[in-house]
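So the chains spell out like this:
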Amino acid sequence: MRLTPAPLHLLIAISRGAILHECVRGRWYTLERPERGFARVHTRAVNTLNKLALIEQTGDLTWHASGAGRAWLAANGIAANLEKPEICP
């Protein structure tokens, strides 16, 4: 399967340690990256990753990459560890 840029960059950021927070009402999401602060994320990118089971909910309102998400990144040759530089600003 292929991912469009927005879900792909979101999955890579989450795999590299960013935390995805869901708004209380579930209408938008924020991405908290270490040393970069918060950024608002479109719901469409999150819904795509959730529908494909590449991310999973960890707490009440937080999400992280699932085993399938990490396996997809590895199968496509994308290193998702913290030592690699960010690909999206």
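Each remark here, short or long, concerns the structure printed above.
Reading the values: the criteria
Residues numbered from 1 in each chain as written. Predicted model: local features only at pLDDT ≥ 70, side-chain atom pairs only at ≥ 80, totals over all residues. Heavy atoms only, no water. Core = buried A, V, L, I, M, F, W, Y, C linked by side-chain atoms within 4.5 Å. Buried < 20%, exposed > 50% of the residue type's maximum accessible area, 1.4 Å probe, protein only. Helix = DSSP H or I, 4+ residues; strand = E, 2+ residues; numbered from the N terminus. Contact = heavy atoms within 4.5 Å. Arc of directions from axis to C-beta.

J.: Would you explain the nonpolar core in this entry?
T.: Generally speaking, soluble globular proteins have nonpolar side chains that are buried together. Ranked by internal contacts, the top residues of the largest apolar core, which has 21 residues, are L10, L11, L20, L31 and I55. Put simply, the parts of the chain that give this core at least two residues each are α1 (5-15), β2 (29-33), α2 (43-51), β5 (62-65) and α3 (67-75). Element by element, the count of residues in this core is highest for α1, at six residues. When near neighbours in sequence (up to four residues on either side) are disregarded, L11 contacts L3, L49, L54, I55, A65, G69, W72 and L73.

J.: Help me understand α2 in this model?
T.: Since the α-helix turns once every 3.6 residues, residues separated by three or four places project in the same direction. Every buried residue belonging to α2 is among A45, V46 and L49, and all of these are buried. All buried residues of α2 project into a common sector of 95° when viewed along the axis, lining one side. Pointing more than 90 degrees away from the buried face of α2 are the exposed residues R44 and K51. Taken together, the buried residues of α2 touch α1, β1 (19-22), β2, β3 (37-41) and β4 (55-57). The positive-phi residue at the C-terminal boundary of α2 is A53, with phi of around 60°.

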